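# Understanding the architecture of this molecule
For reference, the chains in residue letters:
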Amino acid sequence: MNTICITMGDPAGIGPEVVCKAIADMSSDERATTLVVGDPVFMARANALVKAGIAFVPDDGPCRPGEVRLCAVEAPNRDRILPGVLSPDAGEAAYRCVRKGVELARSGAADVLVTASLNKAALRAAGHPYNGHAGLLAHFTGVAKSYAILSCPQLSVIHVSTHVSLAKAAELCRTSLILETIRAGHRHMLTAGVERPRIAVAGLNPHCGEGGLYGSEDDDHVGPAVKAACDEGLLVAGPVPGDVVFQQAVDGRYDLVVAQFHDQGHIPAKLIGRHETVNVTAGLPILRTSVDHGTAFDIAWQGVADHHNMKAAIALARRMRLPKP
């Protein structure tokens with residue numbers, strides 16, 4: 001069983017709560033292979049709030065059956081962090097937890113990093129100009145680019161671009177970037193246990209441009225990227241029209257779909273997978289899964305947050321393996 005490291009996320013949000021709820025549902029063996037990174041006070045508060053009954057112990061000491069190790073990362077100005085209120089102190093706390101989690105994963109203390117949600121605005125208010133976890137993880141691991149994957153039992157989707165405008169997404173639909181995304185998706189599917197991934201690449205334009213009537217990107221860039229990937233020995237098809245490719249994947253024709261932009265991939269993945277859709281970051285030297293929701297400040301620290309997406313992120317983390325060189 002993989003040892004997982006779970007970061008608490010933004011302490012003003014629902015992260016500590018869903019972490020505690022997910023741990024409460026774990027077996028004794030699963031707890032023994034779980035390491036939480038977070039502020040001890042906030043984790044204790046969440047533990048009491050949801051009546052999880054978790055016995056947190058220091059990560060550098062003995063751990064008896066049923067106990068859970070906690071790597072203490074103290075939040076700055078703890079008393080100024082209020083439930084559901086965006087603050088730079090909460091953003092800084094989330095930043096520190098991710099930094100420590102990456103350190104533990106890179107050192108081998110954990111096999112997979114699992115992250116609770118942070119708030120991008122709070123992160124920036126704390127002086128860290130990154131686009132959320134993706135930018136943070138790339139920064140801490142030294143990679144030039146990472147890739148967003150949404151995964152659920154019925155469908156896996158990787159994105160050529162994510163948090164950019166539609167106009168910018170069209171500019172980024174270029175052969176080299178699409179090919180790199182295909183390669184990253186292929187490597188991810190190997191970590192998920194798929195030995196010979198079948199990949200479909202979605203077209204950018206309606207009906208893949210209809211021979212240039214609705215844009216030339218699919219002919220000029222998507223098609224050549226697919227050919228180059230096939231020449232490398234990968235099983236890749238495309239471009240496939242975006243209005244059919246996801247249904248084909250759900251029907252079992254493909255293991256992974258390469259989406260050209262954020263909403264093209266996020267909408268079907270979230271609609272089909274619902275609470276089981278997990279966020280995975282590909283292209284890193286570590287394995288990482290995450291919840292696919294935000295900090296939910298409107299319901300934070302009320303004890304009502306749904307933890308099933310965190311459980312799904314943990315379940316996928318338990319199954320992932322780095323492919324052999």
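Definitions and limits used
- Residues numbered from 1 in each chain as written.
- Predicted model: local features only at pLDDT ≥ 70, side-chain atom pairs only at ≥ 80, totals over all residues.
- Heavy atoms only, no water.
- Core = buried A, V, L, I, M, F, W, Y, C linked by side-chain atoms within 4.5 Å.
- Buried < 20%, exposed > 50% of the residue type's maximum accessible area, 1.4 Å probe, protein only.
- Helix = DSSP H or I, 4+ residues; strand = E, 2+ residues; numbered from the N terminus.
- Phe/Tyr/Trp six-rings, centres within 6.5 Å; stacked < 30°, edge-to-face > 60°.
- Lys NZ or Arg CZ within 6 Å of the ring centre and 35° of its normal.
- Pairing = 2+ DSSP bridges.
- Right-handed = clockwise from strand over helix to strand, strands pointing away.
- Axes fitted to C-alpha atoms, helices over the stretch in contact; angles between N-to-C directions.
- Parallel < 35°, antiparallel > 145°, perpendicular 65-115°, else oblique.
- Left-handed = near helix turned anticlockwise from the far one by under 90°.
- Contact = heavy atoms within 4.5 Å.
- Nonpolar A, V, L, I, M, F, W, Y, C, P; charged D, E, K, R; others polar.

## Examining the nonpolar core
Residues I182 and M310 are the most contacted members of the largest nonpolar core, which totals 87 residues. With 9 residues, helix α4 (residues 88-107) is the largest single contributor of residues to this core. Listed in part, the 14 residues of the second largest apolar core include L155, A200, A202 and V257.

## With respect to the packing of aromatic side chains
The tally for this structure, following the rule as stated, stands at 2 aromatic pairs. Ring geometry for Y95 and F140: centres 5.3 Å apart, planes at 55°, overall tilted. You can see Y95 sitting in helix α4 and its partner F140 sitting in helix α6 (residues 133-141), a full 45 residues away along the chain. For the pair formed by Y95 and F140, the shared burial category is buried. The cationic tip of R45 hangs over the ring face of F42; the distance from NZ or CZ to the ring centre is 5.1 Å. The aromatic ring of Y147 is capped on one face by K145, whose charged end is 4.9 Å from the ring centroid.

## Side note on the pairing of strand β8 (residues 198-202)
Burial runs high along β8: 4 of the 5 residues are buried. Where β8 lies against strand β9 (residues 235-240), 4 bridges are found, and the strand directions are parallel. Directly across from A200, in β9, lies its bridge partner A237. Where the polypeptide runs from β8 across helix α9 (residues 217-231) and back to β9, its parallel neighbour, the crossover connection is right-handed.

## Quick look at the environment of R99
Position of R99 among the secondary structure elements: in helix α4. A relative accessible area of 41% places R99 in the partly exposed class. When the C-alpha atoms of R99 and L136 are compared, they prove to be 8.1 Å apart, with 37 residues separating the residues in sequence.

## Section: the packing of helix α8 (residues 175-191) against α9
The interhelical angle for the contact between α8 and α9, taken along N-to-C directions, is 40°, at an axis separation of 8 Å. Between α8 and α9, the angle is such that the two are oblique. Once α8 is placed against α9, the crossing between them reads as right-handed. In contact with T175, I178, L179 and I182 of α8, α9 contributes D220, H221, V222, P224, A225, A228 and A229. Its residues placed into classes, the contact of α8 with α9 shows 8 nonpolar, 2 polar and 1 charged.

Spatial relationships are all this shows, so hold off on functional conclusions.
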